[in-house]
Amino acid sequence: MAKKQFKAESKRLLDLMINSIYTNKEIFLREIISNASDAIDKLCYLSLTDDQVGMNREDYRIDVLVDVEKRTITVRDNGIGMNQEEAENNLGVIAKSGSYKFKSELEGEKPEDISIIGQFGVGFYSAFMIADEVTVITRKYGEEQAICWQSKGADGYTVSPCEREQVGTDVIMHVKADSEEESYSDYLDSWKLRELVRKYSDYVRWPIHMNIDHQKLVETEEKDENGEPKYEYQTITENQVVNSMVPIWQRSKSEVSDADCVDFYKEKNHGRKDPCALVRINAEGAVSYKALLFVPGESDENTLIAAEKPGITLYSNGVMIMEKCESLVSEHFRFVTGVVDSPDLSLNISREMLQHDRQLKVIAANLEKKIKAELKSLVADNREDYEKFLKIMEENNNMLSQAKESLNLIQEKDNIIYRISPKRISDILILAKGYVTFDEIIDNFSNRINELFIGYSIYP
Ligand code: ADP
Ligand code: MG
């Protein structure tokens, strides 16, 4: 069968993937699953106007199948599929990204129930980071003939007719042999794959099924000396839905209570204490996004981790883009954790690009305002909790030393409280070691305010 060549721009990207200068190889699964989810979105959308589709919402699914002996990972979906022309155009030409085109066709119409998440990243080609051969078996909705697209990478691809009983797509990745630097076989471990699905695709809104092996104690035919049945461990394979599908931050305040959000926080942090403040944002406008942020309530190892490696988890429509996105929170709020999800991010894989993303900057500026407002209202309504939070700041010296901007906050006369330096203050006032707000200082000591400013410090 004649081999066809990739277009030049795709070839370049492929080279990058195959030689994998990009270290974060594990995102391949996220990309392939996102495509499967997009394909289901498309068929589901079509079914709104075409009653021949014959699928119910519950029927749509994605399967991740592993064959250790054949060294393959298959991502199967029952979405819209592709015909030969589409497979050649969509898988062979990066610039003609199908999802992008589909989305721009829908522009202005804004249907509620459609969201295409494949706009960012490197997409389909990322499979070549872990696979030395990729086979796509696909049948388009409305067509009888299935087609098989196959490529070993840079030297091109083949397309041929084949059989597929149902509409949909299988992307079969033949996993590379292990090298000195990389143990590709790890990706054939279903537990590892499940972890990756949960990490990156937990909130894909279609169920992702996997066969997971468990050790289970089962009764045998044999009996022990007392005539009781003997038990032994057996490997049981169970088909499970491994993603949780609906992200809590995507749902409205009427559907999800603050208490639910606190539970989510604890679950994510393995039973950690309650947060002292919660910020929920549903922004629509020039940049649309949803955010769910937490201010820690008590110091523990998680606050330490947050202090050392700050950042908010960034999603685009439920697909994780970055676990710790630093550009979303300023240094002095580095203790804030949580998620931001924006469908409009035109994201690229590189961190450098993210840092310069205009939309991300708009979001970051908004978060800053909201966090400040939340802390201020905490001072007013729940002084005790606010002081707890201050203690955390103090206990984690490194957070505190990062809080240079806090002085600016004071100058802005934000009513946020800081501990007054006991050493300095004892020289000036008998206020001792307590906490004060800016307003209290004004009220009580307005005639000595200049002296106080000198001694005013967030450092104990
Ligand atoms: P993007 O998702 O950004 O469009 P990709 O490289 O991930 O880019 O995918 C390229 C195109 O290939 C998709 O837009 C889609 O048209 C097609 N495609 C990939 N996977 C599937 C699939 N599982 N089902 C149907 N079409 C697919
Ligand atoms: Mg994609």
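For the structure itself, look to the data block above.
The following refers to the structure shown. (Residues numbered from 1 in each chain as written. Chains lettered and ligands numbered in written order. Predicted model: local features only at pLDDT ≥ 70, side-chain atom pairs only at ≥ 80, totals over all residues. Heavy atoms only, no water.)

The next point concerns the packing of aromatic side chains. Tallied over the full model, the rule gives eleven aromatic pairs. Ring geometry for Phe28 and Tyr187: centres 5.4 Å apart, planes at 80 degrees, overall edge-to-face. Of this pair, Phe28 sits in helix H2 (residues 27–46) while Tyr187 sits in the loop between strand E6 (168–175) and helix H5 (190–201); the two residues are 159 residues apart in sequence, bridging distant segments of the chain. As far as the burial class goes, Phe28 and Tyr187 line up, both buried. Here Tyr203 and Trp249 contribute two aromatic rings whose centre-to-centre distance is 4.7 Å and whose plane-to-plane angle is 75 degrees, an arrangement assigned as edge-to-face. Here Tyr203, found in the loop between H5 and strand E7 (208–223), pairs with Trp249, found in the loop between strand E8 (229–241) and helix H6 (258–268); they are 46 residues apart in sequence, far enough to count as distant. Overall, the relative accessible area of 7% leaves Tyr203 in the buried class. Overall, Trp249 belongs to the buried group, its relative accessible area being 5%. Through pairs of rings, three or more aromatic residues link up here, namely Phe124, Tyr125, Trp149 and Tyr157. (Phe/Tyr/Trp six-rings, centres within 6.5 Å; stacked < 30°, edge-to-face > 60°. Helix = DSSP H or I, 4+ residues; strand = E, 2+ residues; numbered from the N terminus. Buried < 20%, exposed > 50% of the residue type's maximum accessible area, 1.4 Å probe, protein only.)

Working definition: the covalent bond between the sulfur atoms of two cysteines is a disulfide. Enumeration over the complete set of coordinates arrives at zero disulfides. Cys162 supplies the cysteine sulfur nearest to Cys148, a cysteine that is in no disulfide, at a spacing of 5.1 Å. (Disulfide = S-S within 2.5 Å.)

Across the sheet, five strands lie side by side as E9-E10-E13-E11-E12; this open sheet has mixed pairing. Looking at the sheet topology across the chains shown, the edges are occupied by strand E9 (277–283) and strand E12 (319–325). Pairs of neighbouring strands in the sheet enclose a mean axial angle of 10 degrees, with direction left out of account. (Pairing = 2+ DSSP bridges. Axes fitted to C-alpha atoms, helices over the stretch in contact; angles between N-to-C directions.)

Bringing H6 into the picture now. Along H6, the residues classified as buried are Cys261, Val262, Phe264 and Tyr265. With its buried residues spanning 155 degrees around the axis, H6 presents them on a single face. In this structure, the buried residues of H6 make contact with E9, strand E10 (289–295) and strand E13 (337–341). (Arc of directions from axis to C-beta. Contact = heavy atoms within 4.5 Å.)

This paragraph deals with the side chain of Thr138. Counting through the fold element by element, Thr138 comes out in strand E3 (residues 131–139). In this structure Thr138 comes out as buried when scored by relative accessible area, which is 0%. Among the polar contacts listed, one links the side chain of Thr138 to the backbone nitrogen of Met82, at a separation of 2.8 Å. A polar atom in the side chain of Thr138 sits 2.9 Å from the side chain of Thr169. Residues in contact with Thr138, not counting those within four places in the same chain, are Gly81, Met82, Ala146, Ile147, Arg164, Gly168 and Thr169. (Polar contact = N/O pair within 3.5 Å; in protein donor to acceptor, adjacent residues only side chain to side chain.)

What follows concerns the packing of H2 against H5. Geometrically, a packed helix pair is captured by the angle between its two axes and the distance between the axes. Running from N to C, H2 and H5 cross one another at 65 degrees; their axes reach a closest spacing of 9 Å. For the element pair H2 / H5, the angle class is roughly perpendicular. With respect to the hand of their crossing, H2 and H5 are arranged in right-handed fashion. Residues Ile27, Leu29, Arg30 and Ile33 of H2 touch H5, and the partners they reach there are Leu193, Leu196, Val197, Tyr200 and Ser201. Among the residues making up the contact of H2 with H5, the classes are represented as seven nonpolar, one polar and one charged. (Parallel < 35°, antiparallel > 145°, perpendicular 65-115°, else oblique. Left-handed = near helix turned anticlockwise from the far one by under 90°. Nonpolar A, V, L, I, M, F, W, Y, C, P; charged D, E, K, R; others polar.)

Tallied over the entire structure, the rule returns 13 salt bridges. The partner of Asp63 in a salt bridge is Arg61, and the shortest N-O contact between them spans 2.8 Å. The closest approach of N and O atoms between Lys230 and Glu222, which form a salt bridge, is 3.8 Å. The exposure class of Lys230 is partly exposed, given its relative accessible area of 38%. One network of salt bridges, with partners in common, ties together Arg76, Arg164 and Asp170. (Salt bridge = Lys/Arg side-chain N within 4 Å of Asp/Glu carboxyl O.)

Residues Leu217, Tyr231 and Tyr233 make up a contiguous nonpolar surface patch of about 380 Å² in total accessible area. Counting through the fold element by element, Tyr231 comes out in strand E8. (Patch = residues over 30% accessible without salt bridge, like charges linked within 9 Å, V, L, I, M, F, W, Y side chains within 5 Å. Areas by Shrake-Rupley, 256 points an atom, 1.4 Å probe, with all protein chains shown as cover.)

Located in the positive-phi region is Arg71, a residue other than glycine, with phi close to 55 degrees. In this structure, Met245 takes a positive phi of about 70 degrees despite not being glycine. Tracing the chain through its elements places Met245 in the loop between E8 and H6. For Met245, a relative accessible area of 24% gives the class partly exposed.

Another point: the sheet that holds E8. Two orientations exist for strands paired in a sheet by backbone hydrogen bonds: parallel and antiparallel. Pairing within the open sheet is mixed, and its eight strands lie in the order E5-E4-E3-E6-E2-E1-E7-E8. Two strands lie at the open edges of the sheet, namely strand E5 (157–162) and E8, each paired on one side alone. Averaged over all neighbouring strand pairs, the angle between strand axes comes to 20 degrees, with direction disregarded. Direction of pairing for E3 relative to strand E4 (residues 146–151): antiparallel, over a ladder of five bridges. Bridging from a neighbouring strand, Thr138 pairs with Ile147 of E4. This element, H2, spans strand E1 (62–67), strand E2 (72–77), E6 and E7 of the sheet and lies at about 20 degrees to E2.

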